[in-house]
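Close look at the chain arrangement
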Amino acid sequence: MPNYPHNINSKLPNVKTTIFTTVGRMAQKYNAINLSQGFPNFEPDQRLLDLVCKALNGGHNQYAPMAGLPKLREIIAEKITVLHNRVYNPESEITITVGASQAIFPAITAFVDKGDEVIVFKPAYDCYEPAIEVNGGIPIFIQLKGEGFKIDWEDFRVKITPKTKMVIINTPHNPSGTILSKKDMLELQKILKGTKILVISDEVYEHIVFDGQEHQSACRFDDLASRSFICASFGKTFHVTGWKVGYCAAPVELMHEFRKTHQFNVFCVDHPVQHALSEYLENPDHYLTLNHFYQEKRDFFINALKHSRFKILPSQGTYFQLLGYSNITDEADVDFAKRLIIEHKLASIPISVFNVENKDDRILRFCFAKTEETLAKATEILNLI
Ligand SMILES: Cc1ncc(COP(=O)(O)O)c(C=O)c1O
């Protein structure tokens, strides 16, 4: 640490180097195939890139409107109505954000006060906890149960107190690849009914659901929709994680407060990309074919591992596949993940780091948003272990 002239009292003393940084650095150092971080290693649709170039050359290079390009908000509202039968007013209930992360952060910041409790299901994506803590909130963790990473709704009911301000759900779920069923959503709705508890519904993998199942957006359920921020990411949907553009949809009273923090956080989001996305979204096939696209990748990956010693856990959505390895070794998952990089040149993410008290079930997460060539090389390695 540099020697600063002031005593620094960190607001986030528990934030350390993330597992993604650690594993990413090791993968580079050992020249490993990297299935750790969740991003595609292939290019997005050329048409989308051309639309961005068109917008760049078309004079859309100054600030966009604060809430986002009206045309983009309108087409998002239409998409939500068609898919989930929920009407959001694009003028007042949808905001374009810097990826889903910058939808989640202002929603937490606008509502969570010092001492407020926010329920988070673990394992969880890593941006929720610091956003709660930096605002003085207290994360209350609930461990998902069993191989299906199920929510124990009774446990959830017990964890609700007069201080509970918010609950964060994520479906399809990173890192487990599971989805919340309609029954789960109805249970959540029933428990929250009559309370003032808000919901952040992280739905960044909304268009990556497999085997004919449907994505159960929180906005499909009247009472849940009335208290929810739906957070989404074009990065995941259009293979452009580096663009960091997403959106948030919420009822007008919630969105009004949300925009107060959004406005003084980023004010607005990349203007030419918003133009491109608004045109690209005119063809629903661009997102409706994604389920199939990733299901093929998942199936390629798991079929190639049929005879391996790894246990293939069900992946119902997202672009992640969990593999259990307790048949192979009883090494801690962090150690095993490191050894895979050093000795076998393959990088993955150990799940324990996202669990309550780092519970270690000997499971690693592999990202299959990769070319067949990369997936084939990775499975060759895994089959030899
Ligand atoms: C569950 C989940 N939520 C949010 C995000 C962040 O999305 P974005 O890159 O659009 O900010 C990610 C990215 O990996 C994620 O997996």
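Before reading on, note that the structure itself is shown above.
Summary of the structure given here.

About the thresholds
- Residues numbered from 1 in each chain as written.
- Predicted model: local features only at pLDDT ≥ 70, side-chain atom pairs only at ≥ 80, totals over all residues.
- Heavy atoms only, no water.
- Phe/Tyr/Trp six-rings, centres within 6.5 Å; stacked < 30°, edge-to-face > 60°.
- Helix = DSSP H or I, 4+ residues; strand = E, 2+ residues; numbered from the N terminus.
- Buried < 20%, exposed > 50% of the residue type's maximum accessible area, 1.4 Å probe, protein only.
- Near = heavy atom within 4 Å.
- Polar contact = N/O pair within 3.5 Å; in protein donor to acceptor, adjacent residues only side chain to side chain.
- Areas by Shrake-Rupley, 256 points an atom, 1.4 Å probe, with all protein chains shown as cover.
- Nonpolar A, V, L, I, M, F, W, Y, C, P; charged D, E, K, R; others polar.
- Pairing = 2+ DSSP bridges.
- Axes fitted to C-alpha atoms, helices over the stretch in contact; angles between N-to-C directions.
- Contact = heavy atoms within 4.5 Å.
- Expected span 1.5 Å × (residues − 1).
- Arc of directions from axis to C-beta.
- Salt bridge = Lys/Arg side-chain N within 4 Å of Asp/Glu carboxyl O.
- Parallel < 35°, antiparallel > 145°, perpendicular 65-115°, else oblique.
- Left-handed = near helix turned anticlockwise from the far one by under 90°.
- Core = buried A, V, L, I, M, F, W, Y, C linked by side-chain atoms within 4.5 Å.

Moving on to the packing of aromatic side chains. In the structure shown here, the tally under the stated rule is 22 aromatic pairs. Taking the centre distance of 6.2 Å and the plane angle of 80 degrees together, the rings of Tyr-63 and Phe-267 count as edge-to-face. Here Tyr-63, found in the loop between α2 (46-57) and α3 (70-84), pairs with Phe-267, found in the loop between α10 (252-263) and α11 (271-280); they are 204 residues apart in sequence, far enough to count as distant. On the basis of relative accessible area, Tyr-63 is assigned to the exposed category, the value being 71%. Phe-267 gets classed as partly exposed once you look at its relative accessible area, which sits at 33%. Each residue in the set Phe-42, Tyr-205, Phe-210, Phe-293, Tyr-294, Tyr-319, Phe-320 and Phe-368 is aromatic and connected to the rest through ring pairs, giving one cluster.

Lining the immediate surroundings of the ligand are Gly-99, Ala-100, Ser-101, Tyr-125, Asn-170, Asn-174, Asp-202, Val-204, Tyr-205, Ser-233, Lys-236 and Lys-244. The separation between an oxygen atom of the ligand and a polar side-chain atom of Lys-236 is 2.6 Å. The protein chains hide 93% of the 390 Å² of surface that the ligand would expose on its own. For the shell around the ligand, the per-class residue count stands at four nonpolar, five polar and three charged.

Moving on, we get to the sheet that holds strand β6 (residues 198-202). The pairing of strands in a sheet comes from backbone hydrogen bonds and takes either a parallel or an antiparallel form. With respect to topology, seven strands assemble into an open sheet ordered β2-β8-β7-β6-β5-β3-β4, the strand pairing being mixed. Every interior strand has two partners, whereas the edge strands, β2 (94-97) and β4 (138-143), have only one. Here the average twist between neighbouring strands, direction ignored, is 20 degrees. In the sheet, strand β3 (residues 117-122) pairs with β4 via six bridges, with the strands oriented parallel. What sits directly across from Ile-119, in β4, is Ile-140.

As a further point, take the environment of Arg-339. Looking at the secondary structure, you find Arg-339 in helix α14 (residues 333-344). In this view, Arg-339 contacts Thr-329, Glu-331 and His-344; residues no more than four positions away in its chain are not counted.

Within the fold, Ile-119 resides in strand β3. Classification of Ile-119 as buried rests on a relative accessible area of 0%. On a C-alpha basis, the gap between Ile-119 and Ile-140 in space is 4.7 Å, while along the polypeptide they are 21 residues apart.

Before going further, it helps to spend a moment on α10. The end-to-end C-alpha distance of α10, which contains 12 residues, comes to 16 Å, matching closely the 16 Å that a straight helix rising 1.5 Å per residue would cover. For α10, the full list of buried residues reads Leu-254, Met-255, Phe-258, Arg-259 and His-262. Viewed end-on, α10 has its buried residues packed into an arc of 135 degrees, placing them on one side of the element. Opposite its buried face, α10 presents the exposed residues Glu-253 and His-256, each directed more than 90 degrees away. Buried positions along α10 lie against α3, β2, α4 (101-111), β6, β7 (228-233) and β8 (246-249).

Under the definition given, this model contains 23 salt bridges. In this structure, the salt-bridge partner of Asp-116 is Lys-165, at a minimum N-O distance of 2.9 Å. Highlighted residues: Asp-116 in the loop between α4 and β3 and Lys-165 in strand β5 (residues 164-170), separated in sequence by 49 residues. In this structure Asp-116 comes out as buried when scored by relative accessible area, which is 13%. Among the ionic pairs, Lys-311 bridges to Glu-147, the shortest N-O distance being 2.5 Å. Taken as a pair, Lys-311 in strand β9 (residues 311-312) and Glu-147 in the loop between β4 and α6 (153-159) lie far apart in primary sequence, 164 residues in all.

Moving on, we come to the packing of α2 against α11. The interhelical angle for the contact between α2 and α11, taken along N-to-C directions, is 135 degrees, at an axis separation of 8 Å. Taken together, α2 and α11 sit at an angle that is classed as oblique. For the pair α2 and α11, the crossing hand works out as right-handed. Residue-level contacts link Arg-47, Leu-48, Leu-51, Val-52, Lys-54, Ala-55 and Leu-56 of α2 to Pro-272, Val-273, His-275, Ala-276, Leu-277, Glu-279 and Tyr-280 of α11. Residue composition of the contact of α2 with α11, grouped by class: 10 nonpolar, one polar and three charged.

Time to look at the nonpolar core. Of all hydrophobic cores here, the largest spans 54 residues; its most connected members are Leu-72, Ile-76, Phe-121, Phe-156, Val-167, Phe-234 and Phe-238. At five residues, α3 tops the list of elements feeding residues into this core. Excluding anything up to four places from it in sequence, Val-167 contacts Ile-119, Phe-121, Phe-156, Leu-192, Ile-197, Leu-198, Val-199 and Ile-200. Core analysis: the second largest hydrophobic core is formed by 32 residues, Ile-33, Phe-310, Tyr-319 and Leu-382 among them.

Put simply, helix α1 (residues 19-29) and α14 touch, their axes get as near as 9 Å, and they point 15 degrees apart. Viewed along their axes, α1 and α14 adopt a mutual orientation that is roughly parallel. The two elements α1 and α14 meet at a crossing, and its hand is right-handed. Facing Val-23, Met-26 and Ala-27 of α1, the residues of α14 in contact are Lys-338, Ile-341 and Ile-342. Considered class by class, the residues forming the contact of α1 with α14 number five nonpolar, no polar and one charged.

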